[in-house]
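Structure at a glance
Here's the letter readout for the chains.
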Amino acid sequence: MDTAAPKGWLFSPELTREVRSKFHHTDADPLRPGRRIYFDNAGGAFRLRAALDAFHGLDAMPDCPERVHQTALYMNEVMDKAEDDIRTIFNARRGGKIITMLTASQVIWNLTGTIVENVSGNNVVTTKLEHPCAHDAARFFAEKTGKEFRAADVDPVTGAVTAESVAKLIDQDTCLLSVIYASNISGAVVDLPAIVKAARAIKPDLYIIVDSVQHAPHGVIDVDGLELDGVDFAPYKFFGCRGSGIGYASDRVTQLPHPRLLGKAEETWSLGSPAPGHYAAITEIVNYVCWLGGMDTNSADRRELFVAGMNRIKLQERALMYHMLEGTEEVPGLRHIPGVTVYLDHPDMTARDFILAVGLEGWDYTEAVREYERRGIIVFERIMSNIYSARMLEALHIPGCIRVSPLHCNTVEEIEAFLKVTREMAASHR
Ligand SMILES: Cc1ncc(COP(=O)(O)O)c(C=O)c1O
């Protein structure tokens, strides 16, 4: 399958139906009558039925996994399998440890603190595109350890961060580079291989961690290929459950001093009783993506199946994004509706995850989001008064936006319905 296909590749109607049947609440909100279109997957993605079933099945068992009776042993098998599946997601086969916490923010915060507090250097580099968890962790630990805090600018055309803008902040005394994989506002995916290459050309043994929460449900991550020291994802944005954050730490990071029970091995990162249900859910997510991948490859290798599945997802989302921007025979796309602005609308869709930052002339962002809801469409506003948005909006040079974040389970019909509502709303205030 050509992953460079500029306009993507839509699922067949049969596959779309089958995919949607595997997720909860794709057509309607469970609390309200009538059809609703859900385009806020960057705030919490459609839930895979199998992942929730697996979670509930395990979570119903009272047993402590740190025992030797049969059920406990079963729970350990589930967790071992899931750790292997997390390694499949990250492509982290060469070592390191899988980290599980309550949120992805905690994962990034811990990775950042461990590196900045223990690795020599006098500065910490991140970007202005980061989610606050990565940005503030870098700043907090830089200040705590008396290191200089540096944040790379955002490219105002693509909405991403370039290798050049990061590289110019790196020197021999940089102790950490923390960089986001894709923006959760503009959808821009950074050129991570180029950033890693440019940064390590300056400091070959530089520690690099990557916040992949936004990108993980839409693309492929390659820890071994890029020799990353830390990554994360949030299962609730990746078809799974709220209540866990998943990460990876390289061997050299796990050997740095970090919170652990002193009786356990030095590289241990788990602290307290694990929750097997969360692990079971991850295996179901990987099963699902591999099921999609099996339509394009006969490989028996789980990573190859997973990559093929993620590529299918990426192409379906790119095709949906193309329709949202350019329209269909039924209705013009966002680029062609008077009064609509797509911020940071970079034409290369291969460098974007399916998130659009939209403005409607004459509409306050929050009011627009309420109006969409009245019309059965769930989107989200990113505004200056919100700490999760302000710094990134400033860095992107946009005043705010209506964030539209569909998922591969959405359909062209839903895009058309959204475009029709958008056209009416735009016309009503012009
Ligand atoms: C890019 C990015 N990083 C990190 C996070 C934090 O994830 P969590 O809510 O699991 O802490 C988010 C959540 O919105 C995010 O979008």
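Residues numbered from 1 in each chain as written. Predicted model: local features only at pLDDT ≥ 70, side-chain atom pairs only at ≥ 80, totals over all residues. Heavy atoms only, no water.

Here's the deal with unusual backbone geometry
The backbone phi angle of N91 is positive, close to 55°, even though this residue is not glycine. Summarising the element assignment, N91 is placed in the loop between helix 3 (70-90) and strand 2 (97-101). Under the relative-accessibility criterion, N91 is labelled buried at 18%. The residue H397 is not glycine, and still its phi comes out positive at about 60°. (Helix = DSSP H or I, 4+ residues; strand = E, 2+ residues; numbered from the N terminus. Buried < 20%, exposed > 50% of the residue type's maximum accessible area, 1.4 Å probe, protein only.)

Section: the side chain of N311
The residue N311 is located in helix 11 (residues 302-326) in this model. The exposure class assigned to N311 is buried, which follows from its relative accessible area of 15%. Look past the residues within four positions of N311 in its chain and what remains in contact with it is T3 and V220. (Contact = heavy atoms within 4.5 Å.)

Brief notes about the environment of R423
Secondary-structure assignment places R423 in helix 14 (residues 412-428). Those residues within four positions of R423 in sequence are excluded, and the remaining contacts are V331, P332 and I337.

What about the sheet that holds strand 9 (residues 340-343)?
The strands that make up a sheet are held in pairs by hydrogen bonds between backbone atoms, and each pair lies either parallel or antiparallel. The strand order 9-10-13-12 describes an open sheet built from 4 strands, whose pairing is antiparallel. Edge positions in the open sheet fall to strand 9 and strand 12 (380-382), since each of these has one partner strand only. Averaged over neighbouring strand pairs, the angle between their axes works out to 40° when direction is ignored. Two elements, strand 10 (residues 356-360) and strand 13 (residues 401-404), share 3 bridges in a ladder whose sense is antiparallel. Looking across to strand 13, one finds that L356 is bridged to V404. Packing against the sheet, helix 14 makes contact with strand 9, strand 10 and strand 13, and its axis sits at approximately 30° to strand 10. (Pairing = 2+ DSSP bridges. Axes fitted to C-alpha atoms, helices over the stretch in contact; angles between N-to-C directions.)

None of the figures reported here should be taken as evidence of function without further support.
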